[in-house]
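Letter by letter, the chains look like this.
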Amino acid sequence: MAQQAKLVFYHIPADGDEADTPNAYPVLKPGGAPTVREVRAKFPVPGIYHFRFKMKWGDSTSSTVWMDVPNEDSQVPTYDGKIVAKVTRVSWEASPQAVAA
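So, how was this worked out
Residues numbered from 1 in each chain as written. Predicted model: local features only at pLDDT ≥ 70, side-chain atom pairs only at ≥ 80, totals over all residues. Heavy atoms only, no water. Helix = DSSP H or I, 4+ residues; strand = E, 2+ residues; numbered from the N terminus. Buried < 20%, exposed > 50% of the residue type's maximum accessible area, 1.4 Å probe, protein only. Contact = heavy atoms within 4.5 Å. Areas by Shrake-Rupley, 256 points an atom, 1.4 Å probe, with all protein chains shown as cover. Core = buried A, V, L, I, M, F, W, Y, C linked by side-chain atoms within 4.5 Å. Phe/Tyr/Trp six-rings, centres within 6.5 Å; stacked < 30°, edge-to-face > 60°. Pairing = 2+ DSSP bridges.

Chemist: Teacher, can you tell me more about the overall build of the protein chain here?
Modeler: Scanning the protein chain from terminus to terminus reveals two helices and five strands. Ordered by position from the N terminus, the helices and strands of the protein chain form the series β-β-α-β-β-β-α. When each of the 101 residues of the protein chain is scored for burial, the buried share is 28%. Here the contacts in the protein chain between residues at least 6 apart in sequence split such that 53% fall between residues at least 24 apart. Total accessible area computed for the protein chain in this model is approximately 6,400 Å², and 52% of it derives from carbon and sulfur atoms.

Structure follows, in C-alpha cells:
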C-alpha cells in the first residue's frame, strides 16, 4: 500500500502562534490516521512537547475539546477530517532525561 501524507496542523501558544493561522507538517502513513508516536516523531521543532488534539464533542457542531491522548500507539483524533494540535513545550532539551532531572 502506498504511503499517503497526512498534514498535522499545529500551533504553540507560548511562541505566540495563533490557532487561526497554524503551522503544518506532513506525516507519511499507509492508511488511516497516524498515531501519537508518529506525530511526535515527525514534529519539526526541537524539544519535548505535550500534544492536545482538537475534536468535536457531543452532538453540537460547535462543541469542541482539546483531547489528551496518553497512549502513544493510539490514532490521533481528527477535527473536520484534519489533524489539529495545540502543542505545549515541556522542555527545550531534546532528551526525555532532561525533564526527569
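Right, picking up where we left off after that structure.
Chemist: Honestly, the nonpolar core in this entry has me stumped. Any pointers?
Modeler: In summary, soluble globular proteins display a tendency toward joint burial of nonpolar side chains. If you look at the biggest cluster of nonpolar residues, it comprises 17 residues, and the most contacted ones within it are Tyr25, Phe43, Phe51, Phe53 and Val87. Mapped by element, the contributors of at least two residues to this core are strand S1 (4–11), strand S2 (23–29), helix H1 (36–42), strand S3 (48–56) and strand S5 (83–91). Contact partners of phenylalanine 53, with chain neighbours within four places excluded, come to Val36, Val39, Val65, Trp66, Met67, Val69, Val76, Pro77, Ile83, Val84 and Ala85.

Chemist: Looking at this model, I keep getting lost on the packing of aromatic side chains. Mind explaining?
Modeler: The geometry of two aromatic rings is summed up by the distance between their centres and the angle between their planes. Counted according to the given criterion, the structure contains six aromatic pairs. An angle of 70 degrees between the planes, with centres 5.6 Å apart, marks the rings of tyrosine 10 and tyrosine 25 as edge-to-face. In this pair, tyrosine 10 sits in strand S1 while tyrosine 25 sits in strand S2, placing the two residues 15 residues apart along the sequence. Here the two residues tyrosine 10 and tyrosine 25 agree in accessibility, since each one is buried. Where tyrosine 10 meets phenylalanine 43, the ring centres are 4.9 Å apart and the plane angle is 70 degrees; that geometry is what we call edge-to-face. In this pair, tyrosine 10 sits in strand S1 while phenylalanine 43 sits in the loop between H1 and S3, placing the two residues 33 residues apart along the sequence. You'll find tyrosine 10 and phenylalanine 43 in the same group, each marked buried.

Chemist: Would you take a moment to explain the pairing of S3 for this structure?
Modeler: For a regular strand, side chains alternate in direction, first toward one face of the sheet and then toward the other. Pairing between S3 and S5: six bridges, direction antiparallel. In the strand pairing of S5, histidine 50 is matched with threonine 88. As paired elements, S3 and strand S4 (residues 64–68) share five bridges and run antiparallel to each other. By the bridge assignment for S4, lysine 54 is matched with tryptophan 66.

Chemist: What should I look at first to understand the side chain of threonine 35 in this one?
Modeler: Tracing the backbone shows threonine 35 in the loop between S2 and H1. Given the relative accessible area of 13%, threonine 35 is considered buried. Discounting residues that sit within four places of it in the chain, threonine 35 has contacts with Glu72, Asp73, Ser74, Gln75 and Val76.

Chemist: Just checking my understanding: could you explain the environment of phenylalanine 51 for this structure?
Modeler: With respect to the element layout, phenylalanine 51 can be found in strand S3. For the pair phenylalanine 51 and alanine 85, spaced 34 residues apart in sequence, the C-alpha to C-alpha distance is 6.2 Å. When neighbours within four sequence positions are excluded, phenylalanine 51 is seen to be in contact with Tyr25, Val39, Arg40, Phe43, Met67, Asp68, Ala85, Lys86 and Val87.

Geometric values such as these leave the question of function open.
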